[in-house]
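Letter by letter, the chains look like this.
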Amino acid sequence: VFSSSEFHPMAAVTDTVPVLTCGGLGKRYLVPGWRMGWILIKDAKGLLGKVCDGLRSISQQILGPCSLIQGALPTIMQETPQEFFDSTIRQFEQAASFCFQQFSKNKALSPVMPSGAMYMMVGINLPMLKGIEDDVRFTELLLSEESVHCLPGQVCL
């Protein structure tokens, strides 16, 4: 998370509710496409028996990463210096701050400063944008005119 926030792992918050934590090399180590990930399960009461069985079954059926990546994983995880992560967070925080400042200059946009995400949520004040009836149209125009792609909010509804 960014310097202005504190990380609290969900698994530390409860012992009564099962918690599944997903991770992977793509974002943490900045190697998208490597297809190496994991799920950590905290299930103190054993409520996820069938879910765990299903996850185990799926993990044995899906094609995983190549053996080169599998072989490199221990070295990557054990020998990557903390400075790599600290530097990465600083760069993302600077980029997020820059984007937030720039978006905030436009009265039709309401950015939400992330606390550690690699994306930013931005509200759109549609009445201020002539000829744009919804967020999907806004996204289409942004892509065609500026070559910037974003995910319109209504696809998440």
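The rules we used
Residues numbered from 1 in each chain as written. Predicted model: local features only at pLDDT ≥ 70, side-chain atom pairs only at ≥ 80, totals over all residues. Heavy atoms only, no water. Salt bridge = Lys/Arg side-chain N within 4 Å of Asp/Glu carboxyl O. Buried < 20%, exposed > 50% of the residue type's maximum accessible area, 1.4 Å probe, protein only. Phe/Tyr/Trp six-rings, centres within 6.5 Å; stacked < 30°, edge-to-face > 60°. Helix = DSSP H or I, 4+ residues; strand = E, 2+ residues; numbered from the N terminus. Lys NZ or Arg CZ within 6 Å of the ring centre and 35° of its normal. pLDDT = per-residue confidence, 0-100. Contact = heavy atoms within 4.5 Å. Core = buried A, V, L, I, M, F, W, Y, C linked by side-chain atoms within 4.5 Å. Patch = residues over 30% accessible without salt bridge, like charges linked within 9 Å, V, L, I, M, F, W, Y side chains within 5 Å. Areas by Shrake-Rupley, 256 points an atom, 1.4 Å probe, with all protein chains shown as cover.

Trainee: Give me the lowdown on the pattern of salt bridges, citing residues and values where you can.
Mentor: What the rule picks out here adds up to four salt bridges. The shortest N-O distance in the salt bridge between glutamate 83 and arginine 90 comes to 2.7 Å. Arginine 90 gets classed as partly exposed once you look at its relative accessible area, which sits at 41%.

Trainee: Go over the packing of aromatic side chains, please, and point to the residues and values.
Mentor: Under the counting rule described, the total for this entry stands at two aromatic pairs. Judged by centre distance (5.3 Å) and plane angle (75 degrees), the ring pair of tyrosine 29 and phenylalanine 85 falls under edge-to-face. Taken together, the residues span a long stretch of sequence, with tyrosine 29 in the loop between helix H1 (25–28) and strand E2 (37–42) and phenylalanine 85 in helix H4 (residues 82–104) at a distance of 56 residues. Note on phenylalanine 84 and phenylalanine 85: the rings are 5.3 Å apart at their centroids and 80 degrees apart in plane angle, and the pair reads as edge-to-face. Cluster of aromatic residues (ring-pair linked, three or more members): Tyr29, Phe84 and Phe85. Positioned above the aromatic ring of phenylalanine 85, the side-chain terminus of arginine 28 is 3.9 Å from the ring centre.

Trainee: Kindly report on the confidence of the model for the chain, identifying the contributing residues and their values.
Mentor: For the chain, per-residue confidence averages 90 on the pLDDT scale, and residues scoring 70 or more make up 97% of the total. Per-element averaging of pLDDT across the chain places H1 at the bottom with 85 and strand E3 (residues 109–112) at the top with 96.

Trainee: Tell me what's going on with the environment of arginine 35, and back it up with residues and numbers.
Mentor: Counting through the fold element by element, arginine 35 comes out in the loop between H1 and E2. With a relative accessible area of 71%, arginine 35 lands in the exposed category. Separated by 11 residues in sequence, arginine 35 and glycine 24 place their C-alpha atoms 7.7 Å apart.

Trainee: Got a sec to walk through the environment of leucine 55? Specific residues and values, please.
Mentor: Its location among the elements puts leucine 55 in helix H2 (residues 49–61). Given a relative accessible area of 25%, leucine 55 falls into the partly exposed group. Non-local contacts of leucine 55, meaning those with residues more than four positions away in its chain, are made with Leu20, Ile39 and Ile41.

Trainee: Can you tell me about the nonpolar core, naming the residues and giving the values?
Mentor: One finds Leu25, Tyr29, Val31, Met36, Ile69, Leu73, Ile76 and Phe85 forming the largest nonpolar core, which totals eight residues. Ranked by the residues each element gives to this core, the list is headed by helix H3 (residues 67–79), at three residues. Dropping the residues within four chain positions of it, leucine 73 is found in contact with Leu25 and Met36. Grouped together as the second largest cluster of nonpolar side chains are six residues, Leu109, Leu129, Ile132 and Phe138 included.

Trainee: Break down a nonpolar patch on the surface for me, citing the residues and quoting the values.
Mentor: Side chains of Leu20, Ile39, Ile41 and Val51 sit close together on the surface and give an oily, nonpolar patch of about 300 Å² of accessible area. Mapped onto the fold, isoleucine 41 is located in strand E2.

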